[in-house]
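One-letter residues, chain by chain:
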Amino acid sequence: MDDTEREERFMELLRPCQQGAERFAISLVNDREDARDVLQDAIIIVWRKFDDLKDPAAFKSYLFTILANLVRRRSRTTRRLTPLSEEHSEGIEATAPQPDTHTDSVIVREALDRLSPKAREAVILYEIQDLSVKEIAKIQRSSVSAVKVRLFRARKQLMTILRVD
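This section reports on the structure supplied with the text. The structure displayed is predicted, hence computed values, not measured ones.

Some words on the packing of aromatic side chains
Applying the stated criterion to the full structure yields five aromatic pairs. Judged by centre distance (5.0 Å) and plane angle (80 degrees), the ring pair of Phe10 and Trp47 falls under edge-to-face. With a gap of 37 residues between them, Phe10 in helix H1 (residues 3–29) and Trp47 in helix H2 (residues 32–48) connect regions that are remote in the sequence. Note on Phe10: relative accessible area 4%, which makes it buried.

Looking at the packing of H1 against H2
The contact between H1 and H2 brings their axes to 9 Å, and the two run at 150 degrees. What the angle tells us is that H1 and H2 run roughly antiparallel. The chirality of how H1 crosses H2 is right-handed. Along the contact surface, H1 presents Arg6, Glu7, Phe10, Leu14, Gln18, Ala21, Glu22, Ala25, Ile26 and Val29, while H2 presents Arg32, Asp34, Ala35, Arg36, Val38, Leu39, Ile43, Val46, Trp47 and Arg48. Of the residues that constitute the contact of H1 with H2, the class distribution is 12 nonpolar, one polar and seven charged.

Details of a nonpolar patch on the surface
Taken together, Ile107, Val108, Met159, Leu162 and Val164 make up a surface patch of nonpolar side chains, about 370 Å² in accessible area. Position of Ile107 relative to the elements: it lies in helix H5 (residues 104–113).

Observations regarding the environment of Leu14
Relative to the assigned elements, Leu14 resides in helix H1. Residues Leu14 and Phe59 lie 45 residues apart in sequence; the distance between their C-alpha atoms is 7.9 Å. Residue contacts for Leu14: discarding those within four places in its chain leaves Ile43, Phe59 and Leu63.

About the cut-offs
- Residues numbered from 1 in each chain as written.
- Predicted model: local features only at pLDDT ≥ 70, side-chain atom pairs only at ≥ 80, totals over all residues.
- Heavy atoms only, no water.
- Phe/Tyr/Trp six-rings, centres within 6.5 Å; stacked < 30°, edge-to-face > 60°.
- Helix = DSSP H or I, 4+ residues; strand = E, 2+ residues; numbered from the N terminus.
- Buried < 20%, exposed > 50% of the residue type's maximum accessible area, 1.4 Å probe, protein only.
- Axes fitted to C-alpha atoms, helices over the stretch in contact; angles between N-to-C directions.
- Parallel < 35°, antiparallel > 145°, perpendicular 65-115°, else oblique.
- Left-handed = near helix turned anticlockwise from the far one by under 90°.
- Contact = heavy atoms within 4.5 Å.
- Nonpolar A, V, L, I, M, F, W, Y, C, P; charged D, E, K, R; others polar.
- Patch = residues over 30% accessible without salt bridge, like charges linked within 9 Å, V, L, I, M, F, W, Y side chains within 5 Å.
- Areas by Shrake-Rupley, 256 points an atom, 1.4 Å probe, with all protein chains shown as cover.
- Salt bridge = Lys/Arg side-chain N within 4 Å of Asp/Glu carboxyl O.

So this is what it looks like as structure tokens:
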């Protein structure tokens with residue numbers, strides 16, 4: 001396969017899942033620009049390793065796995081950083097939603113943020129990105145049964161947080 005064919009094939013596989021991957025990144029990182037940076041890094045990695053991908057049907061879960069791993073790595077790195085002093089942080093715009101824009105989606109996002117990172121990731125991948133439990137298990141490097149339990153507990157916790165019967 002020449003470079004043009006490779007690029008066309010890559011884009012055929014990327015286009016249908018790119019928006020979902022961006023939403024997934026945003027939901028994990030909670031900052032649109034950081035999420036786009038992580039997504040861009042993930043796409044570059046997938047592009048470089050594209051020839052190693054044997055099954056095109058696995059492209060989406062491969063991309064999401066790399067994306068989740070990059071977010072985890074980034075999270076470990078940012079925990080080591082020291083916060084800005086008050087004098088330096090005064091000039092930075094707040095990214096939190098304004099009270100008057102507190103929509104249902106914001107309420108759901110806040111509820112999701114109260115879940116553990118693995119539970120939040122599983123719920124988003126299953127409910128929003130429509131990945132199978134098997135694909136999520138691969139992404140999270142855990143068993144299918146562990147993912148099922150994680151999803152069950154996360155749904156139960158969300159119902160409690162959102163006060164749903």
